[in-house]
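So the chains spell out like this:
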Amino acid sequence: MVAMDYAQMGQDWLAGKVRITQFGKYKLTPKQIEYVNAKDRHLLVSGGRGCGKTMAFIVKMYLLAQMFPGIHILLGRKTRSNIEQTTLPDVFDVFPQGTYEYKVGAGKIFFPNGSQITIKGLDASASGEDTKKAAQDIKGMNLGAAFLDQLEEISEDVYDTLDACVRQGGMPFHQLCGTTNPANYWGYGRFKATPMPHYRLIEASMLDNKQNLPEDFVASQLAKGESWVRKYVHGEWSPDSMTEGAVFEESHVRAMEHGVKAPLRTLDGVKIFAEPRMEPYQIGVDPSIGTADPCCVKVFSRKTGEEVASYSAFVPIKVIADKVSFLSSLFSEMDRPLVVPESNGVGQALVEELRKRDLKIYIRESFNSRTRKTSDKLGFATTYSTKMQLIEHAKGLMAKGQVRVREKETLDELKVFRYDDAAKKAGAGSPDGFHDDRVMATLLALWNVQPTDGSRDELADEIRKAVKTFRRATRTNQAR
Ligand SMILES: Nc1ncnc2c1ncn2[C@@H]1O[C@H](COP(=O)(O)OP(=O)(O)OP(=O)(O)O)[C@@H](O)[C@H]1O
Ligand SMILES: [Mg+2]
């Protein structure tokens, strides 16, 4: 389509004479059609994983750039590297080749019709001062539209500042468009609980887009446990699916208090709570971030769910790797323990160090929604949704009394660990001034662990139930 057509289409679209249902080879889903055609000033799509949020968001951004010559659009996310690594590859997949020019250094996308997209990190998760700086930075902008990927990562202040900037003169259309996961943050009140005037929320389920997703992927997602399925498959955004406050139930934490004990011995800073037995073990590693947080290494028995060793200190990556190596050989009576390191940020360097040693490192399946392929990677990648899975899993074990925490400091951290949608906490963390490294290392040491005491059948039942639900959902979807 040539630029002229687009400009005319823009006029017709504004006048309500055109409804967009297709974009090149992409046939849009009904929810995507709703999103792309909505004209409300504040627009947000919330939903399950893979429900097509990003696709709708990108298509809309492209169309606005083409239909309204000279429009200035801001494409924002928490950090610019977030956008470059996660959003841009999708953007360039969808934007028709040869119709725009991307200037990497400037962080801008130019269109021949004078429209431009500016890529910007909004740093909402940074400390108060940085947020202020980001706000200062955007205050001077004069925009036709703002596109905010993962609105839950952006602070309310920054959003309001942007709102005031979306006022480009001579532009017949202005809009703020976002995508979000169903998280507990300011957006819930404005878009869902009591929608403010000119705020429009579109909610979608993974099943709305299932024709564009691999069948086995959808099935595996549906097999993940009820609360996870409600939130991440069906995209349910409600107080029920947003559990507030303490992550771990008081009664469970209380029960675990009885198991706290002093270490049998301490070896070079490593607390040993039980001697190695003929049992499989798992080691969780939360690497430290700079000097603000200590690192933590935890060893749990995969058979009994008992904590057998713990190490926590402010030390360089190499020292952490040495401790992991030491603990791995100490608890190798039956089998080498499975080491589950967090692989984000500094975790990447840690994984590299661990690779040099003779260890059995956790392999994750990583799903690339762009190429729709899965690949194997080392370590555990913490994101909002994987952190929730870690938590759900550990909570399930605790509810069955299958976790025995031995270290007192860990129990103290478990008590204050809260759901929190401040972006840097990825859904949960400790209040400022408290650490959560011991909690994270504990969750990693328990990840996928099913202590053998009678829990197997329950899990199998859960999966059977989920698959049934999936079949039913598929049938209703087809019937529609
Ligand atoms: N209308 C469509 N036609 C064809 N493929 C589509 C369509 N919409 C989405 N897809 C594909 O489905 C997959 C998931 O879509 P998308 O990434 O937009 O979902 P999402 O809701 O943003 O997912 P996530 O929760 O992972 O961010 C992608 O591979 C995307 O290319
Ligand atoms: Mg997305």
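Read on for an overview of the structure.

The rules we used
- Residues numbered from 1 in each chain as written.
- Chains lettered and ligands numbered in written order.
- Predicted model: local features only at pLDDT ≥ 70, side-chain atom pairs only at ≥ 80, totals over all residues.
- Heavy atoms only, no water.
- Helix = DSSP H or I, 4+ residues; strand = E, 2+ residues; numbered from the N terminus.
- Contact = heavy atoms within 4.5 Å.
- Areas by Shrake-Rupley, 256 points an atom, 1.4 Å probe, with all protein chains shown as cover.
- Pairing = 2+ DSSP bridges.
- Patch = residues over 30% accessible without salt bridge, like charges linked within 9 Å, V, L, I, M, F, W, Y side chains within 5 Å.
- Salt bridge = Lys/Arg side-chain N within 4 Å of Asp/Glu carboxyl O.
- Lys, Arg positive; Asp, Glu negative; His and termini not counted.
- Charge placed at Lys NZ, Arg CZ, Asp CG, Glu CD.
- Buried < 20%, exposed > 50% of the residue type's maximum accessible area, 1.4 Å probe, protein only.
- Core = buried A, V, L, I, M, F, W, Y, C linked by side-chain atoms within 4.5 Å.
- Domains from an automatic or database assignment.

Let us look at the overall build of the chain. Helix and strand counts for the chain stand at 16 helices and 21 strands. The contacts of the chain with a sequence gap of at least 6 include a subset with a gap of at least 24, amounting to 69%. If you sum the accessible surface of the chain, you get close to 21500 Å²; carbon and sulfur atoms cover 50% of it.

As a further point, take the sheet that holds strand 11 (residues 265-267). Read from one edge of the open sheet, seven strands run 11-12-15-14-13-16-17, paired in mixed fashion. Whereas interior strands pair on both sides, the edge strands pair on one side only; in this sheet they are strand 11 and strand 17 (360-361). Where strand 14 (residues 295-301) lies against strand 15 (residues 307-313), six bridges are found, and the strand directions are antiparallel. Among the inter-strand pairings, Val-297 is bridged to a residue of strand 15, identified as Tyr-311.

The subject of this paragraph is the pairing of strand 7 (residues 116-121). Sheet topology places strand 4 (residues 72-77) next to strand 7; six bridges connect them, and they run parallel. Bridge pairing in strand 7 links Leu-75 to Ile-119. Inspection of the sheet shows strand 6 (residues 108-110) paired to strand 7 by three bridges, in the antiparallel sense. For Lys-108, the partnering residue across the bridge sits in strand 7 and is Thr-118. Hairpin geometry of strand 6 and strand 7 is characterised by an intervening segment of five residues between the two adjacent antiparallel strands and by a positive phi of about 90 degrees at Gly-114.

Turning our attention to the side chain of Thr-87. Mapped onto the elements of the fold, Thr-87 is located in helix 4 (residues 80-94). Excluding residues within four positions of it along the chain, Thr-87 makes contact with Ile-58, Leu-75, Arg-77, Asn-82 and Asp-149.

With that settled, consider a negative patch on the surface. Together, Glu-215, Asp-216, Glu-365 and Asp-376 give the surface a local cluster of negative charge. With a relative accessible area of 67%, Glu-215 lands in the exposed category.

So, about the nonpolar core. Counting residues in hydrophobic clusters, the biggest one holds 65 residues, and the most contacted among them are Leu-162 and Phe-248. Three or more residues apiece are contributed to this core by two domains, here domain 1 (3-241) and domain 2 (250-470). Those residues in contact with Phe-248, other than ones at most four positions away along the chain, are Val-253, Ala-394, Lys-395, Met-398, Leu-414, Phe-417, Val-439 and Leu-443. The next biggest cluster of nonpolar side chains, apart from the first, holds 42 residues, and it includes Ile-58, Ile-73, Ile-117 and Cys-177.

Before going further, it helps to spend a moment on unusual backbone geometry. With a phi angle near 60 degrees, Gln-150 is a residue other than glycine that sits in the positive phi range. Overall, Gln-150 belongs to the buried group, its relative accessible area being 14%. Even without glycine at this site, Asn-448 takes up a positive phi of about 65 degrees. With respect to the helices, strands and loops of the structure, Asn-448 is situated in the loop between helix 15 (437-446) and helix 16 (456-479). The class of Asn-448 is partly exposed, set by a relative accessible area of 46%.

Our next topic: the pattern of salt bridges. For the structure on display, the rule yields 32 salt bridges. One salt bridge in this structure joins Lys-298 and Glu-407, with 2.9 Å as the shortest N-O distance. Taken together, the residues span a long stretch of sequence, with Lys-298 in strand 14 and Glu-407 in the loop between helix 13 (384-399) and helix 14 (408-416) at a distance of 109 residues. Classification of Lys-298 by relative accessible area gives buried; the value is 0%. Owing to a relative accessible area of 2%, Glu-407 belongs among the buried residues under this scheme. The partner of Asp-335 in a salt bridge is Lys-360, and the shortest N-O contact between them spans 3.5 Å. Separated by 25 residues along the polypeptide, Asp-335 in the loop between helix 11 (317-330) and strand 16 (338-341) and Lys-360 in strand 17 bring together distant segments of the chain. Looking at Lys-360, the relative accessible area reads 29%, which means it is partly exposed. Residues participating in the shared-partner salt-bridge network are Lys-271, Lys-298, Glu-307, Glu-407, Glu-409, Glu-413 and Arg-438.

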